[in-house]
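# An overview of the molecular structure
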Amino acid sequence: MSESQQSAANLAFPPSQAFAAQANVTEAEFAKADSNRVAFWEEQAGRLDWAEPFSETLDWSNPPFAKWFVGGKLNVAYNCVDRHVDNGRGDKVAFYFVGEPGDTRTITYADLKDEVSRAANALTDLGVSAGD
């Protein structure tokens, strides 16, 4: 492995103290999850936009086969991208891209939504449809 490859492989991006201080998950969240895992995950599921809401958080009627969020349906792309734009955060950074030396980009949620739409349209043009 070349020196530049080793250097790239060892890149780390630790969060700033200010960023870590406003994190969603704290030690208190771990304690809450430990005390009642089903209630904890039901609460977390409420942070998502459900295309169809679930009727039961956990069905454990046929061990060892657990079913979580029974009857619920999610649109992952909507939850990852579109809802941020719909909620007025389209200009916020979705991710920073770091590629080869000198190739960096800042991608906003609006940018990402446009790219996802282009990819979805290309798949539709190729005959791909829901369920494929």
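Please refer to the structure higher up on the page.
Note that the structure is a prediction, hence the values are computed from the model and not measured. (Residues numbered from 1 in each chain as written. Predicted model: local features only at pLDDT ≥ 70, side-chain atom pairs only at ≥ 80, totals over all residues. Heavy atoms only, no water.)

## As for the overall build of the protein
- Of the regular secondary structure elements, the protein holds six helices and six strands.
- Going from the N terminus to the C terminus, the protein shows its helices and strands as α-α-α-α-β-β-β-β-α-β-β-α.
- Taking 2.2 N^0.38 as the reference for a compact globule, 132 residues should give roughly 14 Å; the C-alpha atoms of the protein span a radius of gyration of 20 Å, well beyond that estimate.
- Along the three orthogonal principal directions, the C-alpha set of the protein runs to about 55 × 45 × 35 Å.
- Here the protein, with 132 residues, has 14% of them falling under the buried criterion.
- The long-range fraction of contacts in the protein, counting pairs at least 24 apart against all pairs at least 6 apart in sequence, stands at 27%.
- Within the structure as shown, the protein displays about 10,400 Å² of accessible surface, and the carbon and sulfur contribution to it stands at 54%. (Helix = DSSP H or I, 4+ residues; strand = E, 2+ residues; numbered from the N terminus. Rg over C-alpha atoms; globule rule 2.2 N^0.38 Å. Buried < 20%, exposed > 50% of the residue type's maximum accessible area, 1.4 Å probe, protein only. Contact = heavy atoms within 4.5 Å. Areas by Shrake-Rupley, 256 points an atom, 1.4 Å probe, with all protein chains shown as cover.)

## Digging into unusual backbone geometry
- Following Pro-63, the chain continues to Pro-64 via a peptide bond in cis, the omega torsion being 5°.
- Structurally, Pro-64 can be placed in the loop between strand 2 (56–62) and strand 3 (65–70).
- One non-glycine residue, Phe-69, lies in the positive phi region at around 55°.
- Considering the arrangement of structural elements, one finds Phe-69 in strand 3.

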